[in-house]
Amino acid sequence: MKYYLAVDIGASSGRHIVGWKEDGKIITREIYRFPNGMIESSGHLIWDIEKMLAHVKKGIDTALDQYEISSLSIDTWGVDYVLMKGDREVLPCYAYRDTRTDSAISEVHDIISFNELYEKTGIQLQTFNTIYQLYADKIAGRLEGVTDFLMMPEYLLYKLCGVKSHEYTNATTTGLVDARTGQYNKEIISRLGLPSGLFKFLQMPGTKLGTYKGIQCMLCATHDTASAVEGIPMEGREIYISSGTWSLLGVKLNHPVTNMNSMSSNFTNEGGVHYIRYLRNIMGMWLVNRLRDELCPDKDFGEIVKEAEADNFNEIVDANDNIFMAPESMKKAFDYILAENRKNLPSTTAGYFRCAYRSLAQTYKHAVDEIQNVTGKKYSSIYIVGGGAKNAFLNRLTEEATGKKVIALPIEATSLGNLKIQMEAVN
């Protein structure tokens, strides 16, 4: 029997999952889990990539103690990367919630308007898109002498097997990939004055790299949402929500949609495995995770959800308001936006969570309405995977708000997609 290892790293935690096939089905077992998170350093939010790599290696060793692993791959969140000068990292490694791109965005748009960027790449406007991060690096002089930039999972794979790679699904989150050719857009790179040598040929999921401790390292869909969509046992092409720190709501399309209607609705055309992941980023469980950290860190989420469901606070906010991106206090962010809109403030801790859950459901509804308008297609179901799929209260709110049948699958869809790609490539 062949065993495969999926290393799935999110913004708040990572996990190593061993998978194998029995009777045509993928069986999984989590064998290692570790905490992850941005840290503050000198006024910036950064990633401790050395610590992250140490956890990756420790989890692999744990797997090897129990299984003979045929192959492994790593997926993470998108947009973030590590700059390299040969084999040496350029530190710090900034995190996407850092505010260093604030001035870079307008400078980029002075050179290339967002309308033109969207027509070429189909990528939604997000302050943390790699295009703005790299331009901020250019302004700061951080690109001088740099030979490579590796997206986070490709960096970790390089540190394991010594091969520098550039995977398609993750690269599309940069805002620099041509939506039609599936390769980096040389015109955008040239006009922004970014070093052309950094942008290598993009490889597809399933590409084999080198080895680590006798294990074949390969590319899955290294952007975690791309792997999650591959892992959803979906009947037909319905709406999906990958519900974690972010909620990624979208559909599979054969071709990108980059018209003005799509741009004004702020949908993004990210790469999938031979399809386009047409989706929107929604703030997601970040809201409730931060509220819990601040208001009731010792309380179980089951109890939090139960109390939120029983509470009678019914005000809602725009869950995607930028005020929620990286506030010092999530409670104060809710207080501010509610007061700004002349709404009541919660009188209980449960009221804040109820507001967050109801606001998420309404934000899902708006996204569903717009995705149907832009694609011209009506969808009947929403498949929800990831940690948020376990939240029966939010699932009910989503069903009520959207009028769609919610199919909640509390499975490790990202790891399943990661493993599926490995199995198809090895066999």
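The next thing to look at is the overall build of the chain. Secondary structure summary: the chain contains 15 helices and 18 strands in total. Taken over C-alpha atoms, the radius of gyration comes to 21 Å for the chain, in line with the 22 Å a tight globule of 427 residues would show. Its C-alpha atoms give the chain principal-axis dimensions of about 55 × 55 × 45 Å. Across the 427 residues in the chain, those meeting the buried criterion constitute 59%. Across the chain, every contact between residues at least 6 apart in sequence was considered, and the portion connecting residues at least 24 apart equals 72%. For the chain, the accessible area works out to roughly 17200 Å², and carbon and sulfur atoms hold 47% of it. Of the charged side chains in the chain, 46 are positive and 52 negative; the average position of the first set lies 3 Å away from that of the second.

The next thing to look at is the side chain of Asp80. Along the chain, the position of Asp80 falls in the loop between strand E6 (69-76) and strand E7 (81-85). It turns out Asp80 is buried and unbridged, and the closest side chain with the opposite charge, Arg100, is 6.5 Å from it. At 3.0 Å, the side chain of Asp80 and the side chain of Trp77 are in polar contact. When residues no more than four places from it in sequence are discounted, the contact partners of Asp80 are Trp47, Tyr94, Ala95, Tyr96, Gln133, Met151 and Met152.

With antiparallel pairing, three strands are arranged side by side in an open sheet as E8-E7-E10. Edge positions in the open sheet fall to strand E8 (88-90) and strand E10 (148-151), since each of these has one partner strand only. Strand-to-strand, the axes of this sheet are offset by a mean angle of 40 degrees, without reference to chain direction. Sheet analysis places E7 next to E10, joined by four bridges and oriented antiparallel. Bridge assignment links Val82 to a residue of E10, and that residue is Leu150. Running over the sheet, helix H5 (residues 152-161) touches E7, E8 and E10 and is turned about 105 degrees from E10.

Now for the environment of Ser41. Among the secondary structure elements, Ser41 is positioned in strand E4 (residues 39-41). Residue classification places Ser41 among the partly exposed positions, given a relative accessible area of 32%.

Moving on: the sheet that holds E6. With mixed pairing, six strands are arranged side by side in an open sheet as E3-E2-E1-E6-E12-E11. Every other strand in the sheet has two partners, leaving strand E3 (25-35) and strand E11 (208-212) as the edge strands with one partner each. On average, each strand axis in the sheet is inclined to that of its neighbour by 25 degrees, with strand direction left out of account. Sheet topology note: the E11/strand E12 (residues 215-218) ladder contains three bridges and is antiparallel. Each bridged residue has a counterpart across the sheet, and for Lys208 the counterpart in E12 is Met218. Sheet strands touched by H5: strand E1 (3-9), E6, E11 and E12. Its angle to E6, the strand with the most contacts, is close to 145 degrees. Packing against the sheet, helix H15 (residues 413-426) makes contact with E1, strand E2 (13-22), E3, E6, E11 and E12, and its axis sits at approximately 140 degrees to E1.

About the thresholds
- What you see as residue numbers is a count from 1 along each chain, following the sequence as written.
- In view of the model being predicted, local features appear only for residues whose pLDDT reaches at least 70, and side-chain atom pairs are presented and counted only at 80 or more, with totals across whole chains, interfaces and linings using the full set of residues.
- Each side-chain value is derived from all of the structure's non-hydrogen atoms; neither hydrogens nor water enter the calculation.
- Helical segments are the DSSP runs of H or I of at least four residues, strand segments are the runs of E of at least two, and each set is numbered from the N terminus.
- When we talk radius of gyration, it's over C-alpha atoms, and the globule rule is simply 2.2 Å times the number of residues to the 0.38.
- Burial classification: accessible surface area is computed with a 1.4 Å probe over protein chains only, and a residue below 20% of its type maximum counts as buried, one above 50% as exposed, and the rest as partly exposed.
- Residues are treated as being in contact if the distance between any of their heavy atoms lies within 4.5 Å.
- Computed with a 1.4 Å probe, the accessible areas rest on the Shrake-Rupley method; for each residue, only the protein chains presented here act as cover.
- We score Asp and Glu as negative and Lys and Arg as positive, and we do not count His or the chain ends.
- Just so you know, the charge point we use is NZ for Lys, CZ for Arg, CG for Asp and CD for Glu.
- For salt bridges, the criterion is a side-chain nitrogen of Lys or Arg within 4 Å of an Asp or Glu carboxyl oxygen.
- Identification of polar contacts relies on pairs of N or O atoms within 3.5 Å, with a donor-acceptor requirement for protein atoms, meaning one able to donate a hydrogen and the other able to accept it, and with residues adjacent in sequence counted only if both atoms are side-chain atoms.
- Strands qualify as paired when DSSP identifies two bridges or more between them.
- Every axis corresponds to a line fitted to the C-alpha atoms, with the helix fit spanning only the stretch in contact, and the corresponding angles, defined between N-to-C directions, vary from 0 to 180 degrees.

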